Structure formats: structure tokens, C-alpha cells
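Residues per chain, in single letters:
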Amino acid sequence: MLDLMRKHARNWIMKVLLGIIIVVFVFYFGSIRREQEALTIATINGKSLVHVNFQKEYGDLIDFYRRQFGPNLNEDIIKALNLKQQAFDNMIYKALALQKAEDWKVTITDEEVRQSILSNPGFQRNGVFEQRVYEQTLRMNRMTSADFENSQRDLLTMTRLEAILVSAATVSERELRDLNSSQNEEVSLEAIVVSPKEFLKKVQPNTDEMEKFLKEHGNLFQVPQQYQLKYISFPATQYDNQVKVSREEIDAAYERIIASEKAQPGFATGSKPPAGVSKDRIGADLKRQKMIQAAQEAAKKAYEIIYQEESLEKYAEEMKIDVKITEFFTLARPVPALAGISDLPKSVPGMQKGEISKVMADNNGFYILKVSDKKPPYIPPFNDIRNEVQKRYTENQAETLSRTAAEDIADQLRKGADWRSIVLKDGMKRVDSGFFRPGSLIPALGNAPKEMNEAIFVLSKKKPYPDRPYVLADGNFVIFHLKDRRYVKEDAFEANREALTSSFSQMKRQEIIRSWIDDYKTSLIKDGKLKIKKEAKDI
């Protein structure tokens, strides 16, 4: 073909053909480059961090908090936890740590990676590594062994880098005693609380202001990406009549449990089996395990056929399986039938319309999904969400007014105004905390931010109030005044020395790592080696 093209290069038809090929290449590869640039969130020394890196971090965080909150995890909690920013920070930190490890030539051997995998409890049964469990877990997560080994290598590399960074961290006797004193110190505060609720009636919104607010804060009203999925399911209960558990299996499992109990320290000869351990219960558990295994095998076989034929519907028709279709939903609020699938939030966003998912699982069985349709994120027209815009605008303005009022009080105090005269002004809500030990919870005020607690520590009779107001967890602004400070007995210092040392060492290590991250990030940005192209709020 190339010889033919060279031979007839002077031919005008060939020139036209070459021109078309060039145009196609320019537009095709140009579009790919533009797409890659659009997906790039940041670059470090020319290496791109793209949307899929962020999505993985975000999905892992969603999984973690879903295990903590269960079905109670909703969009409001996700926003309150600021998971997008957490995921963004985690992604940047990992990239920074791996870059610094490369600069410092921090390496992990293949044997170290191997040992970390062999000692992973998730791949063990009865304390012994099982290759079958390892391979099965990777297949379920659509990961190759090379992908997983690389992720383990990165994790071990970051752990070793952190160990190097904090290796010089020591705790002095003075620091221990100061920490002990702070933990045995009690303070009493008098505070002025300024609530945004008090300013709601003072806000009189008009249409022009609200439309401007919508334009400037469209992200507050954006409807997230929505998905419609088709799926087939393989519930474990479907295999109830297909699996059997023999008496020998039950007896063997029972003996293993009893032998394990006997091996525990303090086991007394003649002791009864642990509460809840019975052969009936063991038989039910074994049957449940077999049902789940049968469902998993059926789902895996189905996936292999569907993947080759590229048709979920065709397979379902041949096997007489119902194909279910969901309503449109957001990942923060999945449809109830799929809400238990932990992989849903991190797998679906990367799928294209018509694409088939890997085999996914919840506590009841296994699923194969297909993206039927997508609705991109959008901001509804003003008239459709007028009431919501009005509510948000009013709350925003009330917060601004209350913040201004609180800052005005703090400014008066800085200029020498008498605390008592401010407290006695009409409409001021005054709160007395009584004596308490500084911590996240302050009597009569509630949860306080870390910065506020740090400010309380440095208050004195000469400087009885901080320079600025603080925002409490309930959204109220607070300006406070030190009434008194006292110390409780310190005779437990020696008894608590070990716990104090451990606590302070951990605090110091975290501070060293946090400080290093901030300094390294700042220096790379200054040198142009780190370029942030999108912030968390824009992703």
C-alpha cells in the first residue's frame, strides 16, 4: 500500500486522498488531545492526574462512609463531609508523595510487595493465604494482578516515605508536661452568639438579585448526572434448592470451631460451645455460603457470554431471565434495588452508554449492569426552582449579615470597647459555659472547630478574647471572653506518661506530614511543576 502511494504521489487523485487522510488525522487526534485536556485535573512534572484518578479516590471514600453510615448515607451527609475535597486532596497527596519518593529514590522490592499481599487478611482463610481467594477478589474488581501489585507498591512506597519524614520526630519532657497540663486545664467562657436566623426577616429578595445569585452560584442548584440502568440479577436465594450441605460438612465445621475455641488462651476444659454455635446454625451458614457461591459462578459465566456477544438482552432472552430497567437516578441516591452495591458509585461514572459492567455484588446476590441512558448535569431554569433559589439566597444573605455583625463586635473589642457594654446591648444572646476542659464540645455552645479550641488555649487575663469570631457547627457565629482558668490535679502524670507520649507522637507525626505536604505543594506550584487545572468544586 505504501509503495503504491509513493509511486503515484504526483497523481492529483492521490494528493486529494492524502489531503483527506491528513485532515482526518488532524481532527481525530486533535479531538483526542482536547478530550484528554478536558479530563486533566492537574499535572505534576508533566504527568497528568485525570478524572478517573479522582473518581477512584471519591469512590473509595464513598465506600468507606457507606460502611460507617449504611443506608443513612445521603447527599446531604456527603456534602457535609466534603468528600469531593477530601478525594481531591488525597489524589494530590498521593501524587506528591510518589513524586518525592522518586526524587529520593525510595524503592520497594518485589519481595516486599509479595509479602504484603500474602499477609493481607482479605486474601486469607484461617490465617493462610489462598491463591483462589486472591484471584477471585481481583476478578470481582476487574483488576489484573499487575494492577493490584502496582497499587500495593505505591502504598508501601508512601508508607516508607512517611516513615522517613517523621523519623526525627521526638517528644520532649516539656512537651509532655504541657500536654498533660492542657488536658487537665479547665476554662470558663462568656460568649455572644450571633445567629443568621435572626437576620432572615431583614432580607427582602427581588427577582434580579435572585437571578444574579443563581448565575453566580449555579453549582448549588445543579442536578447531578443521572443514570438509567438495565440489569439482570443472580440472587443467592434462587439457588436454595440447588445446593446441599452434608452432615459430614456440618460436623467438620463444628469441630473446627470447637478446636479454634480450645486454642484460645484461658479456655477451660469442659467449657460449653460459644453462644450461638449450634450444628443447625452452622448448617444454615454453610448453605448460605454455597448459595452465594453458586450465584457468583452463574453471574461469572453469564458475564463471559455477554461480554463476547456484547448483548445483555440477547443473553437474558436465551436464558429466560428478566431484564429490569431503573428509573433515572443519581449516584448519591441510587434506586433501592441497587443501593447495596458498593461498587456502583465508582464503576458507573466511567461507563459509556450501552457499556456492560463487571459482575457486581451486594449482600443478597450478584448483578450485571448496562448503561441504558444518561442525563448530563444541568442547572434548571430560574422559574422552575424560584422557591429554592429564594430560600438559598435569603439564607446566604442572612449569613453575610450575621457574619458582618459578629466581625463588627470583634472589631470593637480590638479597639478597646468594654466587653460588658457590648454584652448588655439589646438583642445580644449571651451564653455562659461554666468550667470545662477544652475539646470539640463546649457546654452551651456545642461542637466547635479546631481553630476555636486552639484560640481558647492562648487566652489570658491580658488578652481575654480572640481577634475574630468563629463559626459553630450549627452555623451560628460566636465571640467569646475568658472568664476564668483553673488547673485540676496533675498527680496522674507518671501513670499517663506512656499514653501521653503515644498521643503526642501521633499528633507530631501528622503535623510534620501535613506541613511537608503544604510546603512541597507550594514549592512545586511556584516552580511551575505542579499545575492545578480544576479545583474539587469544579469536578
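Residue numbers run consecutively from 1 along every chain, following the written order of its sequence. Since the coordinates come from a predicted model, pLDDT governs what is reported: local features require at least 70, and pairs of side-chain atoms require 80 or more to be given and counted, while whole-chain, interface and lining totals use all residues. As a convention, hydrogens and water are excluded, and side-chain values are obtained from all of the structure's heavy atoms.

## Some details on helix α12 (residues 279-309)
Helix and strand labels come from DSSP, where a helix needs a run of H or I of at least four residues and a strand needs a run of E of at least two; each type is numbered from the N terminus. Each residue after the first adds 1.5 Å to the expected span of a helix. In this model α12 runs 45 Å from its N-terminal to its C-terminal C-alpha over 31 residues, within 8% of the 45 Å that 1.5 Å per residue would give. For α12, the full list of buried residues reads Ile-282, Gly-283, Leu-286, Met-291, Ala-295, Gln-296, Ala-298, Ala-299, Lys-300, Ala-302, Tyr-303 and Ile-306. Phi turns positive one or two residues past the end of α12, at Glu-310, with a value near 60 degrees. Per-residue accessibility, obtained with a 1.4 Å probe over protein chains only, is compared with the maximum for each type, and a residue is labelled buried under 20%, exposed over 50%, and partly exposed between these values.

## Points about the pattern of salt bridges
A pairing counts as a salt bridge when a side-chain nitrogen of Lys or Arg comes within 4 Å of a carboxyl oxygen of Asp or Glu. Overall, the coordinates contain 28 salt bridges when judged by the stated rule. A salt bridge links Glu-313 to Lys-370; its shortest N-O distance comes to 3.0 Å. In this pair, Glu-313 sits in helix α13 (residues 312-319) while Lys-370 sits in strand β9 (residues 365-375), placing the two residues 57 residues apart along the sequence. The exposure class assigned to Lys-370 is buried, which follows from its relative accessible area of 17%.

## Focus: the packing of α12 against α13
Inter-axis angles, ranging from 0 to 180 degrees, are taken between N-to-C directions of lines fitted to C-alpha atoms, where helices are fitted over the stretch in contact. In the contact formed by α12 and α13, the axes pass within 8 Å of each other and the chain directions differ by 130 degrees. Here α13 runs oblique to α12, going by the angle between their axes. Here α12 runs over α13; the crossing is right-handed. For the pair formed by α12 and α13, the contact residues are Ala-302, Ile-305, Ile-306 and Glu-309 on the first element and Leu-312, Lys-314, Tyr-315 and Glu-318 on the second. Classification convention: Asp, Glu, Lys, Arg as charged; Ala, Val, Leu, Ile, Met, Phe, Trp, Tyr, Cys, Pro as nonpolar; all other residues, Gly among them, as polar. In terms of residue class, the contact of α12 with α13 is made up of five nonpolar, no polar and three charged. Any angle that is under 35 degrees is reported as roughly parallel, and any over 145 degrees as roughly antiparallel; angles of 65 to 115 degrees are reported as roughly perpendicular and all others as oblique. Put simply, a crossing is left-handed when the front helix is turned counterclockwise from the back one by less than a right angle, and right-handed when it is turned clockwise. Here, two residues are considered to be in contact whenever any of their heavy atoms come within 4.5 Å of each other.

## Focus on the confidence of the model for the chain
Parts of the prediction with low pLDDT should not have their coordinates interpreted in detail. A residue's pLDDT is simply how confident the predictor is in it, with values from 0 to 100. The pLDDT averaged across the chain works out to 81; a share of 83% of its residues lies at or above 70. Of the regions scoring below 50 in pLDDT, residues 1-38 engages in ten contacts with residues more than four places distant in sequence or in other chains.

## Some points on the sheet that holds strand β14 (residues 477-487)
Two strands are said to pair when DSSP picks up at least two bridges between them. Overall, antiparallel pairing links the four strands, which are arranged β10-β5-β14-β13 in an open sheet. Because the sheet does not close on itself, it has two edges, and the strands there are β10 (429-436) and β13 (470-471). Examined bridge by bridge, β13 and β14 share two bridges and lie antiparallel to one another. Its bridge partner lying in β14, Val-471 is registered against Phe-477. Sheet strands in contact with helix α15 (residues 386-414) are β5 (185-194) and β14, and its direction is about 45 degrees off that of β14. Together, β5, β13 and β14 form the strand contacts of helix α17 (residues 450-457), whose direction differs from that of β14 by roughly 45 degrees.

## Remarks on the side chain of Ser-311
Relative to the elements of secondary structure, Ser-311 occurs in the loop between α12 and α13. On the basis of relative accessibility, which here comes to 17%, the residue Ser-311 falls in the buried class. Of the polar contacts made by the side chain of Ser-311, one reaches the backbone nitrogen of Lys-314; its length is 3.0 Å. N or O atoms closer than or at 3.5 Å make up a polar contact, with two conditions inside protein: a donor-capable atom paired with an acceptor-capable one, and, for residues adjacent in sequence, both atoms drawn from side chains.

## Things to note about the nonpolar core
Core analysis: the biggest nonpolar cluster contains 33 residues, and Phe-54, Phe-88 and Leu-96 have the highest contact counts within it. For this core, the secondary structure elements donating two or more residues are β1 (40-44), α3 (51-69), α5 (83-103), α8 (145-165) and α18 (497-526). Counting residues per element, this core draws most heavily on α5, at nine residues. Apart from the residues within four sequence positions on either side, Phe-88 is in contact with Ile-41, Phe-54, Ile-532, Lys-534, Glu-535, Ala-536 and Ile-539. Throughout this description, the term nonpolar core refers to a set of buried Ala, Val, Leu, Ile, Met, Phe, Trp, Tyr and Cys residues connected via side-chain atoms within 4.5 Å. Residues Val-194, Phe-221, Ile-422 and Val-423 belong to the second largest nonpolar core, which totals 22 residues.

## A short note on the side chain of Thr-157
With respect to the helices and strands, the residue Thr-157 is situated in helix α8. With sequence-adjacent residues up to four places away left out, Thr-157 is seen in contact with Leu-98, Ala-101, Val-106 and Ile-108.

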